[in-house]
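# Fold and contact review
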Amino acid sequence: MKTDLTDTTSSKINKALVLGRRAIGTPAVGMVLTLVIVTDEENAYDALKAANEASREHPSRTLVVIKRVSRSPRDRAKARLDAEVRLGADASTGETVVLRLYGEVVDHAQSVVLPLLLPDAPVVVWWPVNAPSDPANDPLGALAQRRVTDTYAAEQPIQELTARADAYTPGDTDLSWTRITPWRSMLAAALDQVVCEVTSAEVEGEEFNPSVELLAMWLADRLKVPVRRSKSAGPGLTSVRMETSSGPIVLDRPDGSLATLSIEGQPDRAVALKRRETAELIAEELRRLDPDDTYATALRFGLERLDEEAATTAPENVVDTVAETVVDTVVESAPAPAKPAAKKAPAKKAAAK
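Below or above, wherever it landed, is the structure these notes cover. What you are looking at is a predicted structure, and each value in this text was computed from that prediction instead of being measured.

### Here we look at the packing of aromatic side chains
Overall, the coordinates contain 2 aromatic pairs when judged by the stated rule. Measuring from ring centre to ring centre gives 6.0 Å for Tyr168 and Tyr295, while their planes differ by 65°; the resulting arrangement is edge-to-face. With a gap of 127 residues between them, Tyr168 in the loop between α5 (157-166) and β8 (172-174) and Tyr295 in helix α10 (residues 293-299) connect regions that are remote in the sequence. Residue class for Tyr295 comes out buried when judged on its relative accessible area of 1%. With 5.6 Å between their ring centres and 55° between their planes, Trp177 and Tyr295 make a pair best called tilted. Of the two residues, Trp177 is situated in helix α6 (residues 175-178) and Tyr295 in helix α10; the sequence distance between them amounts to 118 residues. Members of the aromatic cluster, connected to one another through ring pairs, are Tyr168, Trp177 and Tyr295. Sitting over the face of the ring of Tyr102, Arg80 holds its NZ or CZ atom 4.2 Å from the ring centroid. Here the guanidinium or amino end of Arg184 rests over the ring plane of Trp218, the centre of that ring lying 5.6 Å away.

### Focus on the pattern of salt bridges
Summed over the entire model, instances satisfying the criterion amount to 16 salt bridges. Here Glu160 and Arg164 are joined by a salt bridge, their closest N and O atoms 2.9 Å apart. Residue Glu160 and its partner Arg164 are located together in helix α5, separated by 4 residues, close to a single helical turn. Salt-bridge contacts for Asp290 lead to Arg288; the nearest nitrogen and oxygen are separated by 3.1 Å. Look at Arg288 and you get partly exposed, because its relative accessible area is 30%. Salt bridges sharing partners connect three or more residues here, namely Arg21, Arg61 and Glu95.

Definitions and limits used
- Residues numbered from 1 in each chain as written.
- Predicted model: local features only at pLDDT ≥ 70, side-chain atom pairs only at ≥ 80, totals over all residues.
- Heavy atoms only, no water.
- Phe/Tyr/Trp six-rings, centres within 6.5 Å; stacked < 30°, edge-to-face > 60°.
- Helix = DSSP H or I, 4+ residues; strand = E, 2+ residues; numbered from the N terminus.
- Buried < 20%, exposed > 50% of the residue type's maximum accessible area, 1.4 Å probe, protein only.
- Lys NZ or Arg CZ within 6 Å of the ring centre and 35° of its normal.
- Salt bridge = Lys/Arg side-chain N within 4 Å of Asp/Glu carboxyl O.

Next comes the structure, spelled out in structure tokens:
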């Protein structure tokens, strides 16, 4: 069921939601959270499709905020709000409201969104593209308990990653971090199978992919060993090699789908490590709405402590790592300050899987 509202208000949108639920025979609200998607017209379809698929696991009220560009001074002076209310089969298992803001109301999106939030339910704000430099201080981000960005979609991903570290606030997260969850789990499981000391590591992946940097910083922070960041043709992350006292441990994924885990003294094993769709990434983030301290610690480790040419800039701690150091990936630890490091990258419009 779809209802189009032109030049409307938040009050009229709420009434349309109530009438729509009655019309389809579900007067009760069974949503568990409010997901606010802040995007542009170009990326709205893909973002909403991913949110609808994720809503099968997390029924939610999805508010899509699209800020339209006014081309003339007359249009910029006139504020207008158009809305499209979707219920039932058109909104998967939740409720969807597509908000198009024109004119001066573009600068006051929070006043439009606030009356539409579900009462007593957590709020998550997701920027598929064009995320603010400080999500927590953004007017819409201030309404949320969890703020999701994607540095891969930024024009300069690595520089954006540094900005995220400088402005980090508990509740911030990034899909570039979510993409490496299977890698972290697999590496932790590999180290759990052998008793050894890790002396160094190397992370290989395509250029301008912040997931590679995040995985390298996570390893360097957890293992307290030198970690080298190397470039490859991709796709995405392609290989992680850890040198240990018992021989090398290598996790190699050249095709973006099937990986090979090699441990000294054991036969090679094929493991499924497929690159995931955006819907799967969002669904994973919605499972946990408390602050991700592991992400914060890895993010603030500092890009300048990674060396792409040689592993010479890791922490000066004594190497005393065993398997248990990396198995517990959610141990809370105090974040360390990071110094900015910039790197230019080509423009990207949509998030990579």
